[in-house]
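Chains, contacts and geometry: an overview
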Amino acid sequence: MSFDFTTQSIHAGYDPLANGDAASVPIYSSAAFTMESAERGDALAAGEAKGFSYSRVANPTVDVLEKRIAALEGGDNAVAVASGMAAVSFSLLCAAEGGGRIISPTNLYGASVDAMETFFPQFGVHTDFVKDINDLAEAESKIGPDTRAIFCESVANPSTEITDIAALADLAHRHGVALIVDNTVPTPYLFRPIEFGADVVVHSTTKGITGHGNAIGGVVVDGGHFDWTNGRFPQFTRTELVVSDERNGVWRSFADMFGAEAYIRRVRIKYLRTFGAVASPFNAYLSLVGLETLGPRVSREVATATAVAKYLQTNPHVKAVNYSGIGTTGQDDLVAKYYPKGVGTILSFLVDGDESNVRRILDGAKLFSYVPNIGDARSLIVDPARITHREVPRAYREAAGVTDNLIRLSIGLEEPADLIADLEQAIGGAY
């Protein structure tokens, strides 16, 4: 049977009969699992049998989360990790390891820019940044023999600019390059990049997926359709001991062993197992609870975000509002194509005056919590230039409109009129 998104968000990936008839997914708080026999243990260690042996590699609670998010994203398989940045880092390094290059815009979450600009080069992975990821000519001009992936956010944070995923996927695939999309802002309820050609999707599950600001996590989802053996990715066709049978002289590559699952299996076996950014079963459980209300929760938050954005356009101290859902980014065609249910729960706005006015607004807000997170059931407020994008070079920040006078909101589940009244008094009291 084929089920609706909201139904899958409650049921996908879980069999009560295989879990003691528990109606809710149990928390398997166990570091390791009995392998039953020497023969089965050998098969588990070799990756030839499915099951659980050690929670650094796989855990039953985490497994349900992985299967559920893969189903909601329309993906083939997924690996849950300890944080959103672990998901971004693992997904990109797995594609580009060994001297590959990445193409990316600069209007990303600050830690992603910092990783690609200053940290990944220490591992031999470099990024070619573009000013506008939707400028296909500019993006194509950066593709060279070492290019492995194009990385973008489906909805940029905090500008809410929308990436034309289908056009970018066509460009990437003409050159044998993978398209990796951070879909954290809209969540799979609002947008599913794989349906439009993306090869890999990542999330900070900390945000809208979990939805209550109570659990850090991330996930890498593989669409299962990209050809990782096309010649650009030697790591998938090179023989490796971890997937081989040295005793019997049988040598395999990840492509030999796993076929179309070579990428996501490498994420699990080489990155998760080796670097150890393991998702906690308890955090996975909290994310599963959050997923059960994802649809109705995000739907209400989008409606409120729209009302708040429209109010801000009327405030005399607000110079500009960034929320593509009301047309402020000039991308109405992309909104109609990709986001019929809304673009997400964050927005940003530019105020007049100076940084002292911004600080008085932040300190004056009563309902909005001054918190560096998004996607929470509570409404949040932050100054990106000082907090979430502090490590981004000034030129990149300013090109993305992240100036000292920019304020970002993440809209929660409070009554819209109460949020608007809080902004009214906070902004009014700051001047």
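The structure this text deals with has already been given above.
For the structure given in this document, a descriptive report is provided here. Sequence order as written defines the numbering, with residues in each chain counted from 1. Selection of residues for local features in this predicted model requires a pLDDT of at least 70, selection of side-chain atom pairs for listing and counting requires 80 or more, and totals for whole chains, interfaces and linings are taken over all residues. To obtain the side-chain values, all non-hydrogen atoms of the structure were used and water was disregarded.

1. Details of the overall build of the protein
What counts as a helix is a DSSP run of H or I of at least four residues, what counts as a strand is a run of E of at least two, and both are numbered from the N terminus. Per the secondary structure count, the protein includes 16 helices and 12 strands. The C-alpha atoms of the protein give a radius of gyration of 22 Å, which matches the 22 Å a tight globule of 431 residues would have. For the protein, the residues scored as buried account for 55% of the 431 residues in total. Should any heavy atoms of two residues lie within 4.5 Å, those residues are considered in contact. Sequence separation of at least 24 residues holds for 73% of the intrachain contacts in the protein that already meet a minimum separation of 6. Total accessible area computed for the protein in this model is approximately 17,300 Å², and 51% of it derives from carbon and sulfur atoms. On the protein, the mean spot of the 36 positive side-chain charges and the mean spot of the 52 negative ones are 3 Å from each other. Radius of gyration: C-alpha atoms only; globule rule: 2.2 Å multiplied by the number of residues to the exponent 0.38. Type-normalised accessible area, obtained with a 1.4 Å probe on protein chains alone, sets the label of each residue: buried when under 20%, exposed when over 50%, and partly exposed for intermediate values. Using a 1.4 Å probe, accessible areas were evaluated by the Shrake-Rupley method; residue-level cover was limited to the displayed protein chains. His is not counted here, nor are the chain ends, while Lys and Arg score as positive and Asp and Glu score as negative. Where a charge lies is defined by one atom per residue type: Lys uses NZ, Arg uses CZ, Asp uses CG and Glu uses CD.

2. Quick look at helix 10 (residues 262–275)
Here helix 10 is 14 residues long and its end C-alpha atoms lie 18 Å apart, about the 20 Å a rise of 1.5 Å per residue gives. Residue Gly276 follows helix 10 closely and has a positive phi angle near 80°. Expected helix span is taken as 1.5 Å per residue step, with the number of steps being one fewer than the number of residues.

3. Regarding the nonpolar core
One broad rule of soluble globular proteins: the nonpolar side chains tend to lie buried together. To form a nonpolar core, buried Ala, Val, Leu, Ile, Met, Phe, Trp, Tyr and Cys residues must be joined to one another through side-chain atoms within 4.5 Å. Formed by 78 residues in total, the largest nonpolar core has its most connected members in Leu179, Leu312, Leu347, Phe349, Ile407 and Leu409. Broken down by element, the residue count for this core peaks at 8 residues, all from helix 12 (residues 294–312). With sequence-adjacent residues up to four places away left out, Leu312 is seen in contact with Val318, Val321, Leu347, Phe349, Leu409, Leu423 and Ile427. Ala95, Ala262, Ile264 and Ala277 belong to the second-largest nonpolar core, a separate cluster that totals 43 residues.

4. Some points on the sheet that holds strand 2 (residues 101–105)
Sheet architecture is open: 7 strands sit in the order 1-7-6-5-4-2-3, paired in mixed fashion. A strand with exactly one partner marks an edge of an open sheet, and here the two such strands are strand 1 (77–81) and strand 3 (126–130). In this sheet, adjacent strand axes meet at a mean angle of 20° when their direction is disregarded. Strand pairing requires that DSSP identify at least two bridges connecting the strands. Here strand 2 runs beside strand 4 (residues 147–153); their pairing, made up of 3 bridges, is parallel. Bridge assignment links Arg101 to a residue of strand 4, and that residue is Thr147. Together, strand 1, strand 2, strand 4, strand 5 (178–182), strand 6 (200–204) and strand 7 (218–222) form the strand contacts of helix 4 (residues 84–96), whose direction differs from that of strand 6 by roughly 155°. Of the strands in this sheet, strand 2, strand 3 and strand 4 touch helix 5 (residues 110–119), which is tilted by about 125° from strand 3. Whenever a helix is involved, its axis is fitted only over the stretch in contact; in every case the axis is a line through C-alpha atoms, and angles between N-to-C directions fall within 0 to 180 degrees.

5. Considerations on the side chain of Thr127
Among the secondary structure elements, Thr127 is positioned in strand 3. Discounting chain neighbours no more than four positions away, the residues touching Thr127 are Arg101, Ile102, Ser104 and Met116.

6. Here we look at the pattern of salt bridges
In the sections that follow, a salt bridge refers to a side-chain nitrogen of Lys or Arg positioned within 4 Å of a carboxyl oxygen of Asp or Glu. Under the counting rule described, the total for this entry stands at 16 salt bridges. In this structure, Arg266 engages Glu97 in a salt bridge whose closest nitrogen and oxygen atoms are separated by 2.7 Å. In this pair, Arg266 sits in helix 10 while Glu97 sits in the loop between helix 4 and strand 2, placing the two residues 169 residues apart along the sequence. Residues Arg266 and Glu97 agree in their burial class; the two are buried. A salt bridge links Asp128 to Arg101, with the shortest nitrogen-to-oxygen separation between them at 2.9 Å. Here the residue Asp128 occupies a position in strand 3, and Arg101 occupies one in strand 2, the gap between them amounting to 27 residues.

7. Some thoughts on the packing of aromatic side chains
Working definition: rings of Phe, Tyr and Trp (its six-membered ring) pair if their centres are within 6.5 Å, and the pair is stacked with planes under 30 degrees apart, edge-to-face with planes over 60 apart, and tilted otherwise. Inspection of the entire model under this criterion finds 20 aromatic pairs. Ring geometry for Phe191 against Tyr338: centres 5.4 Å apart, planes inclined by 70°, an arrangement best described as edge-to-face. Of this pair, Phe191 sits in the loop between helix 8 (187–190) and strand 6 while Tyr338 sits in helix 13 (residues 332–338), placing them 147 residues apart in sequence. By the burial criterion, Phe191 is buried, and Tyr338 matches it. Aromatic pair Trp228 and Phe233: ring centres 4.9 Å apart, planes at 75°, arrangement edge-to-face. For Trp228, a relative accessible area of 3% gives the class buried. Through pairs of rings, three or more aromatic residues link up here, namely Phe226, Trp228, Phe233, Phe236 and Tyr263.

8. A word on the sheet that holds strand 8 (residues 318–322)
By way of backbone hydrogen bonds, the strands of a sheet pair with one another, either parallel or antiparallel. The mixed open sheet is built from 5 strands, whose spatial order is 8-9-12-11-10. Each having just a single partner strand, strand 8 and strand 10 (369–370) make up the two edges of the open sheet. Summarising the sheet, strand 9 (residues 346–351) and strand 12 (residues 406–410) pair through 5 bridges and their orientation is antiparallel. Paired with Ile346 across the bridge in strand 12 is Ser410. In the packing of helix 12 onto the sheet, the strands contacted are strand 8, strand 9 and strand 12, and the crossing angle to strand 9 comes to about 10°.

9. Quick look at helix 16 (residues 416–429)
Between the first and last C-alpha of helix 16 there are 20 Å, a value that for 14 residues agrees with the 20 Å anticipated at 1.5 Å per step. The set of residues buried in helix 16 consists of Pro416, Leu419, Asp422, Leu423, Ala426 and Ile427. The buried residues of helix 16 occupy an angular sector of 125° when the element is viewed end-on, so they sit on one face. Residues of helix 16 that are buried make contact with helix 12, strand 8, strand 9, helix 14 (355–364) and strand 12. Here the arc refers to the set of directions running from the helix axis out to each C-beta atom.

10. Some remarks on the packing of helix 14 against helix 16
Put simply, helix 14 and helix 16 touch, their axes get as near as 8 Å, and they point 140° apart. When the axis of helix 14 is compared with that of helix 16, the two are oblique. With respect to the hand of their crossing, helix 14 and helix 16 are arranged in right-handed fashion. Residues Arg360, Ile361 and Gly364 of helix 14 pack against Asp422, Gln425, Ala426 and Ile427 of helix 16. Its residues assigned to classes, the contact of helix 14 with helix 16 comprises 3 nonpolar, 2 polar and 2 charged. Every angle not falling under 35 degrees, over 145, or within 65 to 115 is termed oblique; those three ranges are roughly parallel, roughly antiparallel and roughly perpendicular. Put simply, a crossing is left-handed when the front helix is turned counterclockwise from the back one by less than a right angle, and right-handed when it is turned clockwise. Each residue gets one of three labels, nonpolar for Ala, Val, Leu, Ile, Met, Phe, Trp, Tyr, Cys and Pro, charged for Asp, Glu, Lys and Arg, and polar for the others, Gly among them.

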